2 protein chains.
Amino acid sequence: MEKRLKATIAYDGTNFSGYQVQPNQRTVQEELEKVLTKMHKGIKVNVTASGRTDAKVHATGQVIHFDTSLDIPLESYRKALNVQLPTDVRIKVMEEVPEDFHARYKVVSKRYRYIWSCEAIQSPFRRFYVTPTNGIRPDIKKMIEAAQHIIGTYDFSCFCAANTSVKDKVRTVTLLEFEWHQDELHMVIEGNGFLYNMVRIIAGTLWEVGTGKRNPEQLTEIIASMNRGNAGKTAPAQGLYLEKVSY
Amino acid sequence: MEKRLKATIAYDGTNFSGYQVQPNQRTVQEELEKVLTKMHKGIKVNVTASGRTDAKVHATGQVIHFDTSLDIPLESYRKALNVQLPTDVRIKVMEEVPEDFHARYKVVSKRYRYIWSCEAIQSPFRRFYVTPTNGIRPDIKKMIEAAQHIIGTYDFSCFCAANTSVKDKVRTVTLLEFEWHQDELHMVIEGNGFLYNMVRIIAGTLWEVGTGKRNPEQLTEIIASMNRGNAGKTAPAQGLYLEKVSY
């Protein structure tokens, strides 16, 4: 009897060429499928994620699903996977789900976190896990003000990397907040879906607001223009975390 | 005019074969000397540290000294070094010191920190920075009780790796404490000097006390025996941090 399993996973994106399988690259999907296929005695197991993440992007709550014929209690299954997986990927939770569950198509919302470290001297221990600002501390009041123009339902073409095939660029951002954690600034964003590089372009644009290069009010025009060229730079991958996927 | 500079440095030990120069290995000392020698137009600059650290051992407060002929304000000097150094080594503080200052011979005390992560599922982001316990949480009351037998002045041969040339193994441990930081257990130890692998052997021995393999009272006999074979296993390098050197 085949059953469908859902797993919530974490990974350190530093040494991966992103989530999705690519020839001759180390990817999270490949590591997962390799271990699962081995557990199924060589019968290929396909893993589907809520979406891909780019090289160096991290996850604390990515969700995947796959079908399995193995009859192992869930907790033992999870432990067996973690024993065989490299330590930069961890299975946090495993659940059996109805066979119509789909990690990608059934997504209701996603939450991402973007972290800048504003320490004057970058900690060597955080070098792969935050975006350093060389001690610059932005004005988060302005970033919060600008964020209010992004919350809502819009065509977010302005925040979408040019090389995408997606046609419908209307998405809803339901939450966009900033928090200081000592010297680290966290941006938390939630929405029903995100375009390619959307979180990193929003982070980069709001960073420019926080450092005085743009005014908060400009966000309205940037979004209305539907032109990627009017938004800010794409913030570096290493500060980004996929934190939660809701179904 | 030559002057002597003291620097407090941090490094992520993960990708280093330890602090001290070794042929065909990447070491912290080599990275420092390479950058300083370049800044001195090829004239070799020798760097002296408070002591070596092993492969994978970290530092948040290692101290070094070197002599320089360059007439650069200290803060600019520090920044110039950080620009050229790899991001896994950072110069935190630089000070001019009298020419009789010596990073190794003038040490009054050192503080180390040892970190175990007792999370049931090891965070992929902490995999190089803590020693995982696979969810085991030790009895720290017993570890604290055992620690009282170590605080003081003793011949610590029992906590010294066999392959050492040091004759006098009498050292004074002035502080040995345990702290929970959420799921991470920290051991903080301070003393006037430490023998080779001493902190890791103490950590490994107290871990065995905390997990019920030994009794706290046994520490008295272990120390009195002056026999390495009677102490516990050497705890892994990746959980160890050189935190402070006092002069």
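These figures come from a predicted structure and were not determined experimentally. (Residues numbered from 1 in each chain as written. Chains lettered and ligands numbered in written order. Predicted model: local features only at pLDDT ≥ 70, side-chain atom pairs only at ≥ 80, totals over all residues. Heavy atoms only, no water.)

Chemist: Just to check I follow, could you spell out the overall build of chain A for this structure?
Modeler: Summing up its helical and strand segments, chain A has five helices and ten strands in all. When the backbone C-alpha atoms are referred to their principal axes, chain A occupies close to 60 × 40 × 30 Å. Out of the 247 residues belonging to chain A, those deemed buried represent 54%. Pairs at least 24 apart in sequence give 70% of the contacts found in chain A among residues at least 6 apart. Here chain A has roughly 11500 Å² of accessible surface; of this, 50% comes from carbon and sulfur atoms. Each charge class in chain A can be summarised by its mean position, and for the 33 positive and 28 negative side chains these summaries are 4 Å apart. (Helix = DSSP H or I, 4+ residues; strand = E, 2+ residues; numbered from the N terminus. Buried < 20%, exposed > 50% of the residue type's maximum accessible area, 1.4 Å probe, protein only. Contact = heavy atoms within 4.5 Å. Areas by Shrake-Rupley, 256 points an atom, 1.4 Å probe, with all protein chains shown as cover. Lys, Arg positive; Asp, Glu negative; His and termini not counted. Charge placed at Lys NZ, Arg CZ, Asp CG, Glu CD.)

Chemist: Sorry if this is basic, but what is going on with the interface of chain A and chain B here?
Modeler: Put simply, an interface is often sized by how much accessible area is lost when its parts join up. Contacts between the two partners involve 21 residues from chain A and, on the opposite side, 21 residues from chain B. Where chain A abuts chain B, roughly 1600 Å² becomes buried across the two surfaces, and 68% of that area is made up of carbon and sulfur atoms. Taken as a group, I121, F125 and R127 of chain A account for 43% of the area that chain A buries against chain B, more than any other trio of residues on that side. Linking chain A to chain B there are four salt bridges. Notably, a salt bridge pairs R127 of chain A with D12 of chain B, separated by 2.6 Å at the nearest N-O pair. (Buried area = accessible area lost by both parts, 1.4 Å probe. Salt bridge = Lys/Arg side-chain N within 4 Å of Asp/Glu carboxyl O.)

Chemist: Mind showing me how you'd approach the UniProt feature "active site" (unreviewed entry) in chain A here?
Modeler: Residues and elements named next belong to chain A. Per the UniProt entry, the sites bearing "active site" (unreviewed entry) are D54 in this numbering. Here D54 shows up in the loop between strand 2 (48-49) and strand 3 (58-68). Those residues in contact with D54 that lie beyond four places of it in its chain are G18, Y196, N197 and R200. (UniProt positions renumbered as here; feature names shortened; annotations may be inferred.)

Chemist: How should the UniProt feature "binding site: substrate" (unreviewed entry) in chain A be read in this particular structure?
Modeler: Residues and elements named next belong to chain A. Residues annotated in UniProt with the feature "binding site: substrate" (unreviewed entry) correspond here to Y112. Mapped onto the elements of the fold, Y112 is located in strand 5 (residues 109-117). Residue classification places Y112 among the buried residues on the basis of a relative accessible area of 9%. If we ignore the near neighbours within four places in the chain, the residues touching Y112 are M187, V188, I189, F194, V199, L240, Y241, L242 and E243.

Chemist: What's the story with the packing of helix 1 (residues 28-39) of chain A against helix 2 (residues 74-84) of chain A in this structure? I'm lost.
Modeler: Two quantities define a packed helix pair, namely the angle between the helix axes and the distance between the axes. All names here are of chain A. Closest axis-to-axis distance for the helix 1/helix 2 pair is 10 Å, and the angle between their directions is 120 degrees. The pairing of helix 1 with helix 2 is recorded here as oblique in orientation. Here helix 1 and helix 2 pass one another in a crossing that is right-handed. Taken together, the residues of helix 2 that come into contact with helix 1 (itself represented by V35, L36, K38 and M39) are Y77, A80, L81 and Q84. (Axes fitted to C-alpha atoms, helices over the stretch in contact; angles between N-to-C directions. Parallel < 35°, antiparallel > 145°, perpendicular 65-115°, else oblique. Left-handed = near helix turned anticlockwise from the far one by under 90°.)

Chemist: I'm lost on unusual backbone geometry in this one. Help?
Modeler: With the exception of glycine, the majority of residues adopt a negative phi angle, and the majority of peptide bonds are in the trans configuration. Residues other than glycine seldom take positive phi values, yet Q182 of chain A does so here, at roughly 50 degrees. Phi angles above zero are rare outside glycine, and K56 of chain B is one such case at about 75 degrees.

Chemist: Can you walk me through the pairing of strand 10 (residues 240-246) of chain A in this structure?
Modeler: Side-chain direction in a regular strand flips from residue to residue, so the side chains alternate between the two faces of the sheet. Residue and element names in this part refer to chain A. Where burial is concerned, most of strand 10 is hidden: five out of the seven residues are buried. As defined by bridge partners, strand 3 adjoins strand 10 across two bridges and the pair is classed as parallel. What sits directly across from H58, in strand 10, is Y241. Here strand 5 runs beside strand 10; their pairing, made up of six bridges, is antiparallel. Each bridged residue has a counterpart across the sheet, and for Y112 the counterpart in strand 10 is L242. (Pairing = 2+ DSSP bridges.)

Chemist: What is the right way to look at the pattern of salt bridges in this model?
Modeler: Oppositely charged side chains can form a pair if their charged atoms are brought close together. Residues and elements named next belong to chain A. Applying the stated criterion across every chain yields a total of 37 salt bridges over all chains. The shortest N-O distance in the salt bridge between R4 and D67 comes to 2.8 Å. Of this pair, R4 sits in strand 1 (residues 3-11) while D67 sits in strand 3, and the two are 63 residues apart along the sequence. Exposure remark for R4: the relative accessible area of 15% places this residue in the buried category.

Chemist: I would appreciate a short explanation of the relation of the copies chain A and chain B in the present structure.
Modeler: One copy of the chain maps onto the other through a rotation about an axis followed by a shift along the same axis. Mapping chain A onto chain B calls for a rotation angle of 180 degrees and an axial translation of 0.0 Å; the resulting RMSD is 0.0 Å. Put plainly, the chains are arranged around a two-fold axis. A share of 100% of interface residues in chain A that are also interface residues in chain B marks the association as one of identical surfaces. (Least-squares fit on C-alpha atoms with pLDDT ≥ 70 in both.)

Chemist: Help me out: how do you make sense of helix 1 of chain A in this one?
Modeler: Think of an α-helix as turning once every 3.6 residues; residues three or four places apart then point the same way. Residues and elements named next belong to chain A. Counted at 1.5 Å a residue, the expected span for helix 1 with its twelve residues is 16 Å, and the 17 Å between its end C-alpha atoms agrees. Counted residue by residue, helix 1 has nine buried out of twelve residues, so it is predominantly covered. By the burial criterion, the buried members of helix 1 are V28, Q29, E31, L32, E33, V35, L36, T37 and M39. Buried residues along helix 1 sit against strand 1, strand 3, helix 2 and strand 4 (89-97). Put simply, T27 is the residue that caps the front of helix 1, since its side-chain oxygen is 3.2 Å from the backbone nitrogen of E30. Trailing helix 1 by a residue or two, K41 shows a phi angle of about 55 degrees, which is positive. (Expected span 1.5 Å × (residues − 1). Polar contact = N/O pair within 3.5 Å; in protein donor to acceptor, adjacent residues only side chain to side chain.)

Chemist: For this particular structure, what's the right way to read helix 2 of chain A?
Modeler: All names here are of chain A. Burial in helix 2 covers these residues: Y77, R78, L81 and N82. Buried residues along helix 2 cover an arc of 130 degrees about the axis, so they all sit on one side. Its buried side turned inward, helix 2 meets strand 1, helix 1, strand 3 and strand 4. (Arc of directions from axis to C-beta.)

Chemist: Can you help me understand the packing of aromatic side chains in this one?
Modeler: How two aromatic rings sit relative to each other is given by the distance of their centres and the angle of their planes. A full pass over the atoms with the stated rule returns 22 aromatic pairs over all chains. With 5.7 Å between their ring centres and 85 degrees between their planes, F125 of chain A and Y129 of chain B make a pair best called edge-to-face. Of the two residues, F125 of chain A sits in the loop between strand 5 and strand 6 (131-132) while Y129 of chain B sits in the loop between strand 5 (109-117) and strand 6 (131-132), which places them in two different chains. Y129 of chain B carries the same exposure label as F125 of chain A, and that label is buried. Seen from their ring centres, F156 of chain A and F159 of chain A are 5.9 Å apart, and the 25 degrees between their planes marks the pair as stacked. Like F156 of chain A, the residue F159 of chain A is buried in the burial classification. Taken together, the ring pairs in this structure connect F125 of chain A together with F128, Y129 and Y241 of chain B into an aromatic cluster. Taking NZ or CZ as reference, R137 of chain B lies 4.4 Å from the ring centre of W180 of chain B, over its face. (Phe/Tyr/Trp six-rings, centres within 6.5 Å; stacked < 30°, edge-to-face > 60°. Lys NZ or Arg CZ within 6 Å of the ring centre and 35° of its normal.)

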